[in-house]
Amino acid sequence: MFRSFFASVAIVSVSSAAVFAAEKADKPVSPVVSFKAESFDLKDVRLLDSPFKKAMDLDTAYLLKLDPKRLLYGFYKNAGIKPKGESYGGWEKETIAGHSLGHYLSACAMAYAATGDVRFKERTELIVKELTECQDALGTGFVGGMPEAKRVFDEVSAGNIRSQGFDLNGSWVPFYNLHKLFAGLDDTYRLCGVEQALTVQKRLADFIEKALSKLDDAQMQKVMACEHGGINESFANLYAATGDERYLALSRKFHHKDMLVPLAAGKDVLPRRHANTQVPKLVGLAARYELTGDKTDRAAAEFFWDRVAHHHSYVIGGNSDGEYFGDPDNLDHRLGENTCEVCNTNNMLKLTKHLFTWDADPAAADFYERAVLNHILASQNPKNGMMCYYVTLKPGSHKNYSDEFNSFWCCVGTGMENHVKYGDFIYFHKDDTLFVTQYIPSVLTWKEKGVTLRMEGGYPESGATTLLFACEKPTMLTVKLRVPAWAKGASLKVNGEKEPVKVEAGKSQFVEVKREWKSGDKIEFELPYELRTESMPDNANRAAVLYGPMVLAGELGAEDAPNAKDAMFVPVFVTEGKPLAEWLKPVADMSDTFRSTGAGRPRDVTLYPFYRMHEKRYSVYWNMFTPEQWAKKEVEYKAESERQKKLEEMTVDFAQPGQMQSERDHNVKSEKSYVGDNSGRHWRDARDGGFMSFEMKAVPDAKMNLHCTYWGGDTGNRTFDILADGVKVGTQVLKAEHPDKFFDGVYPLPAELTKGKTKITVRIQPAKGSMAGGVFGIRVVRAEEETKK
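Here we summarise the structure given alongside this text. (Residues numbered from 1 in each chain as written. Predicted model: local features only at pLDDT ≥ 70, side-chain atom pairs only at ≥ 80, totals over all residues. Heavy atoms only, no water.)

Concerning helix α12 (residues 245–253)
Here α12 has its buried residues at Y247, L248, L250 and S251. Along the axis of α12, the buried residues cluster in a sector spanning 160°; they form a single face. The inward-facing, buried residues of α12 abut α9 (195–211), α11 (231–242) and α14 (275–292). (Buried < 20%, exposed > 50% of the residue type's maximum accessible area, 1.4 Å probe, protein only. Helix = DSSP H or I, 4+ residues; strand = E, 2+ residues; numbered from the N terminus. Arc of directions from axis to C-beta. Contact = heavy atoms within 4.5 Å.)

Encoded structure:
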């Protein structure tokens with residue numbers, strides 16, 4: 001079946017595509033909607049010295065370290081070509097192999113545009129040449145790096161669809177994977193002018209069109225139950241590049257109704273959804289709206305952006321905990337190790353750019369500033385350019401970075417892109433208007449106007465900015481300078497003369513300067529920085545501290561601090577109602593650095609910009625107490641600190657059900673199983689006839705206890721067995737015996753169960769007609785130590 005399917009695709013994608021190309025040259029499609037602001041090409045902006053330029057330099061150095069042919073390993077294998085380099089490690093050895101190549105193509109194309117360094121264009125040309133060789137060798141139009149691609153596409157095309165959150169017929173998110181390749185090829189075509197990149201895209205899209213041609217809408221919706229990235233955007237962009245209506249139809253075929261229909265109707269269906277599964281879909285709708293004018297697509301994109309930006313995001317602009325959305329405006333209990341996945345924000349910034357061009361709303365630029373400065377810039381190690389998967393906001397935690405050649409997580413891929421495109425959202429234009437939306441030091445070349453603008457200053461650590469004009473001839477322009485909502489005022493001088501500025505406090509806005517500009521003209525613009533706090537939306541007594549645009553973090557010690565698990569490791573502030581500036585004082589000779597003075601309990605703490613916080617434990621959010629509140633809370637902190645410390649010391653292994661990376665680390669298998677979250681913690685359950693299993697570390701020949709964490713308010717028909725390597729070690733019934741709190745079921749593991757073993761498989765399965773869980777945590781604990789506690 002598979003052989004015949006690919007043979008038929010070969011006929012279509014080679015001979016038919018060739019005929020089509022001969023009959024009709026590509027005719028790009030222009031947007032059909034009007035824009036209030038238009039972006040400049042990335043090549044028109046050059047960064048000047050700043051933390052952003054340093055981040056870009058580190059990123060470009062890393063890109064040049066990578067060997068494209070090693071990233072092509074899986075593509076060669078699928079094409080039957082001897083690999084021309086060893087595979088990289090990490091995710092590149094998983095069934096998502098190949099996704100990094102697409103990101104790498106995008107990053108190199110952006111790096112070429114942002115720097116002019118021809119080495120990056122040469123790398124894109126080499127990769128496209130190798131991809132073409134792989135396509136030609138297969139003869140079907142397909143090209144990809146994921147293992148077993150032929151089997152997966154053969155099964156899906158025949159209507160044999162086995163789809164769940166991150167798995168399609170045994171392959172890890174294949175359409176998500178291909179979206180990254182399409183995006184890389186599209187960036188290569190647009191930014192580097194490599195025409196063959198468009199041909200590779202068309203041949204691959206023709207293959208996918210044929211593969212899915214017999215599936216009806218219900219089957220397609222089943223396919224899309226598996227994360228598929230923004231593949232709808234890929235086909236919309238291909239339609240824009242070629243004018244071929246088939247690709248627009250293919251974009252519409254990938255319209256995930258379960259999510260996109262309610263969003264278009266203004267319904268927030270985000271809670272308990274995997275966050276970054278959703279964001280790229282909406283980027284795709286935004287791109288498609290611009291090409292078709294479909295207001296439903298726009299409505300969904302705008303509503304989604306508003307919900308995420310204003311109701312599901314933390315103070316640094318990132319969103320999600322353990323990769324999932326919680327309830328809107330409910331963040332106080334969602335401060336785990338895995339907050340703020342970097343991929344999510346990468347995609348939210350793409351969506352933000354679309355929305356800004358539609359309305360030129362400075363509030364969108366405010367969100368962009370917050371996220372790009374406090375999340376994206378903060379996610380890179382300034383020593384070596386390595387990237388974070390999550391930027392944790394768990395108090396007392398620290399950032400974890402990728403390895404150069406053995407990680408290749410999704411956020412390494414988007415990380416490659418993040419730091420070469422800082423120039424993407426600094427300047428916009430419309431007719432004779434120039435928008436300055438960010439104050440990152442840079443040089444803009446506006447060729448159409450014969451104007452070069454040099455923006456200098458100490459941003460982000462200073463609000464003072466100078467803009468210098470060089471004009472081929474005097475030019476009438478309106479310059480719009482963003483005043484963010486965080487700024488209580490602004491000062492403006494043109495050629496040394498003070499200009500009046502009217503600013504409405506707490507509102508995002510632009511101030512305008514309209515005049516005929518000539519070479520040597522200068523704008524001096526300053527936004528005053530002040531300390532302020534921002535509380536959690538659901539807890540006024542937990543807040544973050546900001547200074548101007550910068551989120552501040554408190555340094556708590558080394559990553560390996562021995563007391564880091566102590567519940568009192570993170571200080572609280574007892575401020576007695578005093579204004580912030582009275583108990584948080586500047587530290588002499590240290591830029592944008594402050595220290596609490598007498599307000600910290602059990603100690604004071606030094607705070608400085610979060611983007612500078614690396615290789616240290618820290619806190620961004622702080623609990624605020626009155627003296628009376630603290631007296632009571634201190635007793636609880638001490639008791640919980642002691643309990644948690646002892647439990648961690650006794651733990652052999654811990655798995656977090658419902659959290660993607662932890663589940664992959666523990667080789668989770670399941671049937672009729674669902675995930676979600678409650679009170680900031682993830683869970684997995686198993687329904688009647690299903691199960692869930694986890695591979696857990698063990699100590700050979702030792703007695704151990706298995707802890708499973710449950711929500712004490714769960715009830716109903718919830719009776720289930722817990723097995724270790726096939727042996728039942730316990731039966732659990734949940735009947736709301738511990739309301740409003742979590743509790744652990746403890747199941748002894750006899751020593752004979754682990755004889756000679758370093759791991760065991762824990763299986764949880766419901767009784768007939770019942771369900772198991774939700775299970776909020778699985779922990780293997782040394783039994784003898786637990787007895788002594």
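Let's talk about the packing of helix α16 (residues 342–359) against helix α17 (residues 362–376)
The geometry of a pair of packed helices is captured by two quantities: the angle between their axes and the separation between those axes. The interhelical angle for the contact between α16 and α17, taken along N-to-C directions, is 155°, at an axis separation of 10 Å. Considered as vectors, α16 and α17 are oriented roughly antiparallel to each other. The chirality of how α16 crosses α17 is left-handed. Here V342, T345, N346, M348, L349, T352 and F356 of α16 come into contact with α17, specifically with P362, A364, A365, F367, Y368, A371, V372, H375 and I376. Looking at the contact of α16 with α17, its residues break down into twelve nonpolar, four polar and no charged. (Axes fitted to C-alpha atoms, helices over the stretch in contact; angles between N-to-C directions. Parallel < 35°, antiparallel > 145°, perpendicular 65-115°, else oblique. Left-handed = near helix turned anticlockwise from the far one by under 90°. Nonpolar A, V, L, I, M, F, W, Y, C, P; charged D, E, K, R; others polar.)

Details of the side chain of H398
Along the chain, H398 falls in the loop between α17 and α18 (410–418). A relative accessible area of 13% means that H398 is categorised as buried. Residues in contact with H398, not counting those within four places in the same chain, are T392, E559, K616, R617 and Y618.

What about the sheet that holds strand β32 (residues 742–749)?
Spatially, β26-β35-β29-β32 is the arrangement adopted by the four strands of the open sheet, whose pairing is antiparallel. The strands lining the two open edges of the sheet, one partner per strand, are β26 (651–655) and β32. Strand-to-strand twist in this sheet, taken as the mean axis angle between neighbours without regard to direction, amounts to 20°. Across six bridges, the pairing between strand β29 (residues 704–711) and strand β35 (residues 777–782) is antiparallel. Of the residues in β35, the one forming a bridge with L706 is V780. Set on the sheet, helix α20 (residues 627–650) makes contact with β26, β29 and β35; between it and β35 the angle comes to about 75°. (Pairing = 2+ DSSP bridges.)

Re the sheet that holds strand β14 (residues 509–517)
Sheet architecture is open: five strands sit in the order β1-β6-β7-β11-β14, paired in mixed fashion. Both outer strands of the open sheet, β1 (38–39) and β14, are each paired with one neighbouring strand and no more. By the bridge criterion, two bridges tie β1 to strand β6 (residues 427–430) in an arrangement that is antiparallel. Bridge assignment links S39 to a residue of β6, and that residue is F428. Docked against the sheet, α16 engages β1, β6, β7 (433–436) and β14, running at close to 30° with respect to β6. Helix-sheet contacts for α17 involve β11 (475–483) and β14, and the interaxial angle to β11 is about 60°.

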